Amino acid sequence: MQSGRYQNASEVMREGLRLLEQRVAEDTAKIEALRQATSIGIMDLEHGRFTQLNEGNLEHFLEGLSQEATLPAREKH
């Protein structure tokens, strides 16, 4: 610790706790975002807002999404 960035063990502990709290907050935010996305997806399914695909048309569908994603905003629907 003498040549490091921390002056004493207490500073090391505080930094460790701060990093742990930051990680917990980030994980909590990620979980909440996943819950919201899941809820939206379930509601879409319940209301029939989905596209049913089979193995034969999956590649074509994904190509269309890719092309649409690369269009400038003014050219999109």
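Structure's up top.
Predicted model only: the values in this text are computed from it and were never measured.

Caption draft 1: Looking closely at the overall build of the protein chain. From N to C terminus, the protein chain includes two helices and zero strands. For the protein chain, whose C-alpha radius of gyration is 23 Å, the value lies well above the compact-globule estimate of 11 Å for 77 residues. Expressed as lengths along the three principal axes of its C-alpha atoms, the size of the protein chain is roughly 65 × 30 × 30 Å. Burial statistics for the protein chain: of 77 residues in total, 0% are counted as buried. Carbon and sulfur atoms provide 56% of the accessible area of the protein chain, an area that totals close to 7300 Å². If the 9 positive side-chain charges of the protein chain are averaged to one point and the 13 negative ones to another, these points end up 9 Å apart.

Caption draft 2: Layout of the environment of Gln22. Topologically, Gln22 is positioned in helix 1 (residues 9–46). Each C-alpha atom of the pair Gln22 and Glu46 lies 36 Å from the other, and the pair is 24 residues apart in sequence.

Caption draft 3: Quick look at a nonpolar patch on the surface. On the surface, Leu53, Leu58, Leu62 and Leu65 cluster together to form a nonpolar patch covering roughly 310 Å² of accessible area. Position of Leu53 relative to the elements: it lies in the loop between helix 1 and helix 2 (55–70). Looking at Leu53, the relative accessible area reads 32%, which means it is partly exposed.

Caption draft 4: Representation of helix 1 in the model. Between its terminal C-alpha atoms helix 1 stretches 55 Å, which fits the 56 Å expected from 38 residues at 1.5 Å a residue. Between the side-chain oxygen of the N-cap and the backbone nitrogen of Ser10 there are 3.1 Å, and the N-cap of helix 1 in question is Asn8. Just downstream of helix 1 lies Gly48, where phi reads positive at about 75°.

Caption draft 5: Highlighting the pattern of salt bridges. Within this structure, the stated rule accounts for two salt bridges. The salt bridge partner of Glu15 is Arg18, with a shortest N-O separation of 2.7 Å. Of this pair, Glu15 and Arg18 both sit in helix 1, separated by three residues, roughly a single helical turn. According to the relative accessible area criterion, Arg18 is partly exposed, its value standing at 40%.

The rules behind these values
Position labels on residues start from 1 in each chain and follow its written sequence. With the structure being a predicted model, the display of local features is reserved for residues of pLDDT at least 70 and the display and counting of side-chain atom pairs for 80 or more, all residues being used for whole-chain, interface and lining totals. To obtain the side-chain values, all non-hydrogen atoms of the structure were used and water was disregarded. Runs of H or I in DSSP of at least four residues are treated as helices and runs of E of at least two as strands, each being numbered from the N terminus. Only C-alpha atoms enter the radius of gyration, while the globule expectation follows 2.2 Å times N to the 0.38, with N the number of residues. Accessible area is worked out with a 1.4 Å probe on protein chains only. A residue is then buried under 20% of its type maximum, exposed over 50%, and partly exposed in between. Here the accessible surface of atoms and residues is derived via Shrake-Rupley with a 1.4 Å probe, and residues count as covered only by protein chains that are part of the display. For this count, His and the chain ends are skipped, Lys and Arg are scored as positive, and Asp and Glu as negative. Where a charge sits is defined by one atom per residue type, namely NZ (Lys), CZ (Arg), CG (Asp) or CD (Glu). Residues enter patches when they are more than 30% accessible in relative terms and free of salt bridges; like-charged ones are connected within 9 Å and nonpolar ones (Val, Leu, Ile, Met, Phe, Trp, Tyr) within 5 Å. Whenever Lys or Arg places a side-chain nitrogen within 4 Å of a carboxyl oxygen from Asp or Glu, that contact is recorded as a salt bridge. Any helix carries an expected span of 1.5 Å times its number of residues minus one. Nitrogen and oxygen atoms within 3.5 Å of one another constitute a polar contact, given that in protein one can donate a hydrogen and the other can accept it, and given that sequence-neighbouring residues count only through two side-chain atoms.

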